Amino acid sequence: MLSFTACAVLFVIALIIYFVFNREFIFKKKITDFEVKFPEDKNKEKSFEREWYDVAIVGAGPGGASTAFFLAKLGWKCLLLEKKKFPRDKYCGDAVCKTAIELLKEMGIYEQLVRENKVHVSDSGGMCSPGGLSYIGRSKEDYGEIPAALACKRIFLDEAIAMGAKRMGADLKEEQPVADAKFDNDTNLWTINIEESETAYKARVLVCADGAPSRLATQLGIVNRPPDSTCSRAYVEGGTHKFKADGVVFYNKELLPGYAALFRHPNDVLNFCCYIIPGNPKCTSDNLAYWHDHLMKDDPNISRALGNDYKIERMKAASLRLGGEKYSYDRHCLVVGDAAGMTDPLTGEGIHHAMEGGKLAAQFLDEVIAHGNYDKEVMSIYHDRWMKLFGYDFKWSMIFCQMTYRFPILLDAATAAVQRKGDKMLLKWADIMTGRVPKINMLKPEFSFTITFELILLIMKRLLGKPAKIQKGD
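This structure is a prediction, so every number in the text was calculated from the model and none was measured. (Residues numbered from 1 in each chain as written. Predicted model: local features only at pLDDT ≥ 70, side-chain atom pairs only at ≥ 80, totals over all residues. Heavy atoms only, no water.)

## Digging into helix H11 (residues 351-371)
End to end, H11 covers 30 Å across 21 residues, agreeing with the expected 30 Å (1.5 Å per residue, within 8%). Counting buried positions along H11 yields 16 of 21 residues, so the element is predominantly enclosed. (Helix = DSSP H or I, 4+ residues; strand = E, 2+ residues; numbered from the N terminus. Expected span 1.5 Å × (residues − 1). Buried < 20%, exposed > 50% of the residue type's maximum accessible area, 1.4 Å probe, protein only.)

Structure follows, in structure tokens:
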């Protein structure tokens, strides 16, 4: 029998584990627990009579524009500032997963993009492992009305979301590059100054959604590190390649934990992209161009998909901020999207997290403005909420990154498991990889047992000199 002391110790340990995994501490304060300091702010009708905005959002990418859309939908007076004029480009892999598609449908934008032939809805897709195992499956039959993924050029996607926010009532102002933002302790308002101009805007709350470099959040001292990764993008002319699927992720052993991918756009155009993920000392942001060109020419699976006569544009690159920032808030201020590091370290995907984060920020600000307190401790609740929604999952992503880098055979085993189980397994794998469900689900028996079984088979086959099954699917 265990002693009372031993039982007490085990009980305390169990409580700690419970709270660590649930991230909900009973002593966590709620917005309504704080003092009301600005009782007049909750009057939505009067807000449109004032000279200043309830919220000013700097950056009209998916994160900022989604924040503006849902704030305007909730009836608040919000300003959306974009430094360039739409349509404007953004270098990215262009893949939009199911979570983002659901938000696009909620915003009334998805159907518009489909109607204008600006998206290619994916059906056939899959993966190619470091050892050359591959599987291409189909998703429409199992996923139904909302597809697993689609490809949309950011020059189309970003404009569509921003214009959707404008239609909803957000005050979108283009060609407004922000120089800085100053907070006035007397008026408790931000003044947002525009570069090389006397134009300035005032707002009660500032949202920094100015992308991975986030010059504004860095100026304000909220973000204190540079972006830690990068990705490439180059479009392949339609009709010049031999790629038949809609989207395939290629896990080249040399590039791990990074990867390359091909995604199909309308008119048979392809996006070839390469993601550098931290963890491999031989693959850094400085040599992105080398890996981009090297994989096209020397990776047998990618070169086979492209063929000998493909025509591709010059590579373009963008920085990435992975894994979530330690702070995404300050008094009267929030940071959203890439600026807050809302990008999965395992995949480099950030569109859906930026949109999720934007909607969450709008809902949070709706509560905060209605209550009338914007103190730093109040704004920290926003950070806790998005971390609980998807941010804590980034820790698991980092662990899986290092595991795949050190043991590439795990990706071979995962691919072999998908080969054995088929499309349903592939879709569950996709849900985990895109963060739709937590990465810890990979430890569930349906994944861990199956992958472990395939891992043992692969090890035995390699010891015996027998080849693994290379390909299954289309």
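## Considering the sheet that holds strand S3 (residues 95-97)
In space, the 3 strands of this open sheet follow the order S3-S7-S4, with antiparallel pairing throughout. Two strands bound the open sheet, and with one partner strand each, they are S3 and strand S4 (119-121). Across the sheet, the axes of successive neighbouring strands diverge by a mean angle of 25°, strand direction being ignored. Here 3 bridges tie S3 to strand S7 (residues 149-152), and the two strands are oriented antiparallel to one another. If you follow Ala95 over to S7, its bridge partner there is Ala151. In the packing of helix H4 (residues 98-106) onto the sheet, contacts are made with S3 and S7, and the angle to S3 comes to roughly 80°. (Pairing = 2+ DSSP bridges. Axes fitted to C-alpha atoms, helices over the stretch in contact; angles between N-to-C directions. Contact = heavy atoms within 4.5 Å.)

## Some details on unusual backbone geometry
With an omega of 0°, the peptide bond between Phe86 and Pro87 qualifies as cis. By the secondary structure assignment, Pro87 is in the loop between strand S2 (78-81) and S3. The phi dihedral of Glu196 is positive, around 50°, even though this residue is not glycine. The exposure class assigned to Glu196 is exposed, which follows from its relative accessible area of 86%.

## Some details on the side chain of Thr450
Relative to the helices and strands, Thr450 resides in helix H16 (residues 445-464). Thr450 gets classed as buried once you look at its relative accessible area, which sits at 11%. At a separation of 2.9 Å, a polar atom in the side chain of Thr450 contacts the main-chain carbonyl oxygen of Glu446. The contacts of Thr450, once residues within four sequence positions are left out, are Ala417, Lys421, Met425 and Pro445. (Polar contact = N/O pair within 3.5 Å; in protein donor to acceptor, adjacent residues only side chain to side chain.)

## Notes on the packing of H4 against H11
Relative orientation of the contacting elements H4 and H11 amounts to 50°, with a least axis distance of 8 Å. Compared by their axis directions, H4 and H11 come out oblique. Here H4 runs over H11; the crossing is left-handed. Between H4, through Thr99, Ala100, Leu103, Leu104 and Glu106, and H11, the contact on the second element is made entirely by Ile351, His352, Met355, Glu356 and Lys359. (Parallel < 35°, antiparallel > 145°, perpendicular 65-115°, else oblique. Left-handed = near helix turned anticlockwise from the far one by under 90°.)

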